[in-house]
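Single-letter residue listing:
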Amino acid sequence: MEMVVLILKIYLVFTICVLLVYSIRHYYFTMHRLYSEQRVCYQDIIDSEFRNLSILIPMHNEERVAGQILDLLVSNTYPYHNVDESPQKILDLLIAADYPHDKMEIIPINDFSSDKTRRILDDYAARYPFIKPLHRYSGERGKPAALNDGLKKATGEIIIVFDADYLPPRGILKDIAVSFNDPEVGAVMGRVVPVNTRANLLTRLLDLERTGGYQVDQQARYNLQLIPQYGGTVGGFRREVVEAIGSFDTKLLAEDTDLTFRLLLRGWKIIYANRAECYEEVPETWNTRARQIRRWSRGHNQVMFRYLGPLLKSPHLTGYEKLDGALLLFIYSIPLIMVCAIIDSMALFFLGEMQIVAGLLPLLFVGAYNTFGNFAPFYQIGVASLLDGATRRVLLLPMLLFNYFFNTFYITIGFFEAIVDMFTGRRTKWSKSERFRDENGEVPKPVRDPHRPNGLSNSKRKSDDGGDPDSNGTGIRRE
Amino acid sequence: MLIAIAALLLFALFALPFLPGILEWVRKQDAEPLFISMEYIRNPRYFGKSFRRILKSADFGTGTEPGIYTRVLSKEEKVEVTRCARFGENLEIDRVQVTIGELISSDRVLFNKEVYVAGNAVIGRDNVVHAIAGDGDITLGEGTKCRRWIDAEGTIRAGADCRLGISASSGEKLLLGRNCSFRRIFGMPILTGQGETAAGRADGATAPPGKLPSKGLNFVPVGDRAVAPGAVVKEDIVFLYDVEVGSGVRFEGSIKAHGALVLKDGVVVTGNIFSEGDIIIGKNAAVYGHVFSQKTVRIAGNSAISGPDKIKSVVGKKAVFLEPDVTIYGYVTTEGEGRTIGAKCREQDSPET
């Protein structure tokens with residue numbers, strides 16, 4: 001019995017150490033984002049040369065949204081043929097639009113759709129020669145398999161991936177592509193911003209989570225030259241590199257995290273581009289969210305089991321990168337560790353063995369952790385909202401408690417599924433998130449809020465920065 | 001009854017922290033998506049283009065009769081329209097100026113509002129200009145200070161000791177005298193000169209023609225701290241430390257340095273240069289692509305960045321220093337200090353000081 005109690009106590013101390021490490025990580029990233037020097041992003045580069053892009057959009061029964069993303073991508077481009085080659089003309093065209101047609105191809109991948117997706121894509125292909133749909137009705141289903149087939153068809157040097165529900169703004173292709181001028185960059189990740197925040201409490205809480213994750217967490221990792229994560233959409237990678245490392249593993253559900261670590265282990269860097277922002281639709285029902293977070297957890301933990309060892313042994317990564325990478329890999333294991341710790345502490349309590357350490361110092365330590373440590377993620381999200389100029393939405397922070405319990409439950413299930421996957425080698429089945437946008441409805445059009453401190457989602461993006469000629473229409477600003 | 005009150009109290013205590021959130025959830029005061037400008041694209045001539053558009057929408061153009069008008073631009077402004085404008089010494093101008101012909105100012109004139117000139121503009125010494133857009137050439141006299149921005153469809157000539165505000169952009173050449181300071185400049189090309197203005201100089205050097213670097217698989221990470229003079233490197237290369245590249249080395253690809261990068265005289269790079277540290281480019285060097293540093297960029301005389309048919313960027317987060325006779329086709333930007341410096345002052349003007 002004594003041995004059992006000892007193990008229970010050691011586990012509790014272990015949990016406290018893990019939580020302490022993650023608390024320090026949250027605070028360090030947040031403080032760094034607030035007060036330290038920010039690295040300049042590659043999107044400051046202006047270039048008149050364009051790399052060949054292939055834009056892959058996996059679609060499974062996307063009749064509600066397929067037309068909208070294609071419309072946005074088409075209207076973002078301009079015909080480059082028959083253009084005078086003078087620099088002035090090139091500049092004017094650069095300013096007027098985003099990316100030349102003959103330097104890009106859009107490959108919507110119809111993945112076993114049974115609705116009108118196929119017809120919509122064929123209709124677009126008939127109108128625009130650079131839209132080249134890929135219809136898949138045989139072979140494996142799911143995003144990784146669809147991307148692999150898309151890669152075979154793609155001819156572009158750079159692959160950019162969007163999910164079908166995304167609403168790419170006019171300049172995003174150039175913002176993503178420009179980062180590949182750095183010869184060390186293997187993949188680029190942009191920022192995802194929920195568009196359907198007004199729908200209900202869940203969408204508002206997910207909006208807060210996204211804000212903290214991108215505005216603070218990803219940006220801090222970019223600043224600190226750690227490991228920003230490629231998120232599988234609103235991002236791009238070098239085609240030849242990914243083909244050379246074997247494309248996407250269809251057994252994994254988190255093909256994005258898998259790609260992140262495969263690139264890192266071969267010496268490539270991942271860049272986060274906070275300015276490359278794009279709207280997405282977040283789940284509006286708890287069921288859809290449960291399936292999504294469970295899938296993420298399962299996929300992420302599959303990647304952790306596969307890459308933790310190679311990560312720690314990699315000659316291409318610094319010690320800090322290895323530490324950050326390991327903490328990133330473990331992130332979907334924490335809820336399980338917490339659940340076990342709660343059960344552990346209850347057991348110790350009923351065994352009358354809760355007294356682990358005695359004295360004032362540990363008491364103060366526990367008190368300090370309760371005061372600061374528990375609130376680290378909330379603090380990070382609050383600061384991210386502040387940086388985004390959003391103020392009142394931080395009042396919802398306490399309600400993230402509900403998300404916490406919800407996520408803990410489904411992430412834990414996902415973790416066990418990943419363990420079963422590892423031991424049985426079973427194939428995973430991809431399940432797509434449900435879309436909520438109305439087929440005939442308007443794409444939501446967010447407006448600048450004049451009452452916010454900056455009214456913008458990126459604090460660096462002011463009309464001062466030499467861009468955005470149409471957003472406020474004024475060139476006159478007073479000192 | 002007591003139990004009911006206690007239960008109610010317990011519920012109230014539990015709900016209290018959530019109350020502000022519940023109110024915000026119900027009222028939806030901050031429920032809109034974060035703003036993304038769907039039309040956003042980078043434009044180095046944003047200010048001038050935008051100001052011209054505002055004037056056009058307020059019905060100002062070359063056909064406007066001279067006079068003083070009160071119109072709403074971004075706010076209500078008094079606008080003075082003139083055929084040609086000449087301003088004597090020490091004047092202070094408090095109206096937006098729209099000049100259909102030429103504008104000439106003497107020394108020490110203070111323009112507190114924006115200026116638009118359809119013809120050429122010649123600004124005297126030690127003027128202060130809030131902002132100026134010109135459809136012809138703009139010449140800035142020695143010591144002139146721009147508070148906000150300058151944009152010309154033609155050539156901009158900036159004399160010595162000018163301060164070019166947040167942005168100076170030109171549809172043609174941008175000629176910078178010695179000791180000019182800037183944040184963002186754009187020109188095809190940008191030329192730095194020793195004299196009061198760099199006018200009259202030839203177009204300067206041109207970077208060699210090359211292909212768009214498109215290496216995918218074969219960058220070479222190296223730990224070497226020096227590259228021998230005269231070498232030819234035919235791959236994209238990543239230096240893991242500070243590195244000094246000897247004279248005359250030719251890189252047929254792009255360079256990434258995790259530390260500082262010093263390119264000695266006559267180095268040629270057909271791709272881009274990226275560095276986490278300072279980038280120092282020696283004399284007679286030619287870079288076909290972008291120059292991007294998280295710290296300071298310093299470019300010595302007779303060096304060229306890009307060529308006449310390409311727009312490339314020089315980005316130095318903390319500072320950009322340009323010595324005389326530098327030619328850059330495209331865009332230069334810094335969050336810190338941008339300045340043209342004299343070659344003779346290389347030591348005391350070095351980025352470290």
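Values in this document were obtained by computation on a predicted structure and should not be read as measured data. (Residues numbered from 1 in each chain as written. Chains lettered and ligands numbered in written order. Predicted model: local features only at pLDDT ≥ 70, side-chain atom pairs only at ≥ 80, totals over all residues. Heavy atoms only, no water.)

Enquirer: Requested: an account of the overall build of chain A, with residues and values cited.
Expert: What chain A contains, in helices and strands, is 15 helices and nine strands. Counting all 479 residues of chain A, 60% fall into the buried class. Counting only contacts in chain A whose residues sit at least 6 apart along the sequence, the fraction spanning at least 24 positions is 83%. Within the structure as shown, chain A displays about 19,200 Å² of accessible surface, and the carbon and sulfur contribution to it stands at 61%. (Helix = DSSP H or I, 4+ residues; strand = E, 2+ residues; numbered from the N terminus. Buried < 20%, exposed > 50% of the residue type's maximum accessible area, 1.4 Å probe, protein only. Contact = heavy atoms within 4.5 Å. Areas by Shrake-Rupley, 256 points an atom, 1.4 Å probe, with all protein chains shown as cover.)

Enquirer: Requested: an account of the overall build of chain B, with residues and values cited.
Expert: Looking only at helices and strands, chain B has three helices and 33 strands in total. For chain B, buried positions account for 56% of its 353 residues. Long-range pairs, those at least 24 residues apart, make up 22% of the contacts in chain B with a sequence separation of at least 6. In the structure as shown, chain B presents an accessible area of about 13,900 Å², 53% of it carried by carbon and sulfur atoms.

Enquirer: Before we move on, can you summarise the state of the cysteines with the specific residues and values?
Expert: Taken as a whole and assessed by the stated rule, the structure comprises zero disulfides over all chains. The thiol sulfur of Cys162 of chain B is not disulfide-bonded, and the nearest other cysteine sulfur, from Cys180 of chain B, lies at 4.8 Å. (Disulfide = S-S within 2.5 Å.)

Enquirer: Tell me about the side chain of Glu417 of chain A, and please be specific about residues and values.
Expert: Following the sequence through the fold, Glu417 of chain A ends up in helix 15 (residues 400–424). Among all residues touching Glu417 of chain A, those that are not within four sequence positions of it are Arg294, Arg298 and Arg426 of chain A.

Enquirer: Describe in detail the pattern of salt bridges, supporting the description with residues and values.
Expert: Considering all chains together, one arrives at 50 salt bridges over all chains under this definition. A salt bridge links Glu32 of chain B to Arg198 of chain A; the nearest nitrogen and oxygen atoms lie 2.9 Å apart. One end of the pair, Glu32 of chain B, is in the loop between helix 2 (19–27) and helix 3 (46–57); the other, Arg198 of chain A, is in the loop between strand 7 (185–194) and helix 7 (201–223), on a second chain. When its relative accessible area of 31% is taken as the criterion, Glu32 of chain B is described as partly exposed. One salt-bridge network, in which partners are shared between bridges, spans Arg45, Arg52, Asp135, Asp151 and Glu153 of chain B. (Salt bridge = Lys/Arg side-chain N within 4 Å of Asp/Glu carboxyl O.)

Enquirer: Go over the sheet that holds strand 9 (residues 269–280) of chain A with me, naming the residues and quoting the values.
Expert: Residue and element names in this part refer to chain A. One open sheet accounts for seven strands, arranged 5-4-1-6-8-7-9; its pairing is mixed. In this open sheet, the two edge strands, each paired with only one partner strand, are strand 5 (134–136) and strand 9. Direction aside, the axes of adjacent strands within the sheet are offset by 20 degrees on average. The sheet contact formed by strand 1 (residues 53–59) and strand 6 (residues 158–161) spans four bridges and is parallel. Looking across to strand 6, one finds that Ser54 is bridged to Ile159. In the packing of helix 9 (residues 255–265) onto the sheet, the strands contacted are strand 7, strand 8 (235–238) and strand 9, and the crossing angle to strand 9 comes to about 155 degrees. (Pairing = 2+ DSSP bridges. Axes fitted to C-alpha atoms, helices over the stretch in contact; angles between N-to-C directions.)

Enquirer: So what's going on with a nonpolar patch on the surface? Residues and values would help.
Expert: A cluster of nonpolar side chains, contributed by Ile342, Met346, Phe349, Phe350 and Met354 of chain A, occupies part of the molecular surface with about 570 Å² of accessible area. Mapped onto the fold, Phe350 of chain A is located in helix 12 (residues 334–350). (Patch = residues over 30% accessible without salt bridge, like charges linked within 9 Å, V, L, I, M, F, W, Y side chains within 5 Å.)

Enquirer: So, the packing of aromatic side chains: which residues are in play, and what are the values?
Expert: Residue and element names in this part refer to chain A. According to the stated counting rule, one finds 28 aromatic pairs over all chains in the structure shown. Taken together, a centroid distance of 4.9 Å and an interplanar angle of 70 degrees make the contact between Trp286 and Phe406 edge-to-face. Here Trp286 is found in helix 10 (residues 286–313), whereas its partner Phe406 is found in helix 15, with 120 residues between them in sequence. On the basis of relative accessible area, Trp286 is assigned to the partly exposed category, the value being 34%. Looking at Phe406, the relative accessible area reads 16%, which means it is buried. Between the aromatic rings of Phe406 and Tyr410, the centroid separation amounts to 5.0 Å while the plane-to-plane angle is 50 degrees, which identifies the pairing as tilted. (Phe/Tyr/Trp six-rings, centres within 6.5 Å; stacked < 30°, edge-to-face > 60°.)

Enquirer: A description of the environment of Ala133 of chain B should follow, citing residues and the corresponding values.
Expert: All names here are of chain B. Residue placement: Ala133 occurs in strand 9 (residues 128–134). With 35 residues separating them along the chain, Ala133 and Val98 place their C-alpha atoms 9.7 Å apart. Excluding residues that lie within four positions of it along the chain, Ala133 makes contacts with Phe51, Arg52, Val115, Tyr116, Val117, Ile138, Trp149 and Asp151.

Enquirer: Please give an account of the side chain of Gln219 of chain A that cites residues and values.
Expert: Its place among the elements puts Gln219 of chain A in helix 7. For Gln219 of chain A, a relative accessible area of 7% corresponds to the buried category.

Enquirer: How would you sum up the pairing of strand 1 of chain A? Please name residues and give values.
Expert: Two faces make up the sheet, and in a regular strand the side chains alternate between them. All names here are of chain A. Summarising burial for strand 1: seven of the seven residues are buried, a large majority. Here strand 1 shows a buried face lined by Leu53, Ile55, Ile57 and Met59 and a second buried face lined by Ser54, Leu56 and Pro58. Bridge count for strand 1 against strand 4 (residues 104–111) is seven bridges, and the pairing is parallel. Along strand 4, the bridge assignment pairs Met59 with Asn110.

Enquirer: Lay out the nonpolar core with the relevant residues and their values.
Expert: One finds Tyr42, Ile55, Ile57, Ile106, Phe162, Leu173 and Phe237 of chain A to be the most contacted residues of the largest nonpolar core, which totals 85 residues. No other element matches the six residues that strand 9 of chain A contributes to this core. With sequence-adjacent residues up to four places away left out, Phe162 of chain A is seen in contact with Ile55, Leu56, Ile57, Pro58, Ile69, Leu73, Pro168, Ile172, Leu173, Thr233, Val234 and Cys278 of chain A. Counting 57 residues, the second largest nonpolar core, distinct from the first, contains Ile93, Val249, Val297 and Val326 of chain B. (Core = buried A, V, L, I, M, F, W, Y, C linked by side-chain atoms within 4.5 Å.)

Enquirer: Go over unusual backbone geometry with me, naming the residues and quoting the values.
Expert: Cis geometry is adopted by the peptide bond preceding Pro189 of chain B, which originates at Met188 of chain B and carries an omega value of 0 degrees. When you line up the elements, Pro189 of chain B lands in strand 15 (residues 181–192). At Ser247 of chain A, a residue that is not glycine, the phi angle is positive and equals roughly 55 degrees. Relative to the helices and strands, Ser247 of chain A is located in the loop between helix 8 (239–244) and helix 9.

Enquirer: Help me get a handle on the confidence of the model for chain A, residues and values and all.
Expert: All names here are of chain A. Here chain A shows a mean pLDDT of 83. Residues at 70 or above account for 86%. Contacts of residues 78–97 to residues separated by more than four positions or lying in other chains number 46 contacts, the stretch itself having pLDDT below 50. In the predicted structure, residues 450–479 sits below a pLDDT of 50 and forms 106 contacts with residues beyond four places in sequence or in another chain. (pLDDT = per-residue confidence, 0-100.)

Enquirer: Lay out the packing of helix 12 of chain A against helix 15 of chain A in plain terms, naming residues and giving numbers.
Expert: Residue and element names in this part refer to chain A. Where helix 12 contacts helix 15, the two axes come as close as 8 Å, and the packing angle between them is 105 degrees. Between helix 12 and helix 15, the angle falls in the class roughly perpendicular. Between helix 12, through Pro335, Leu336, Met338 and Val339, and helix 15, the contact on the second element is made entirely by Tyr404, Thr408, Ile411, Thr412, Phe415 and Phe416. (Parallel < 35°, antiparallel > 145°, perpendicular 65-115°, else oblique.)

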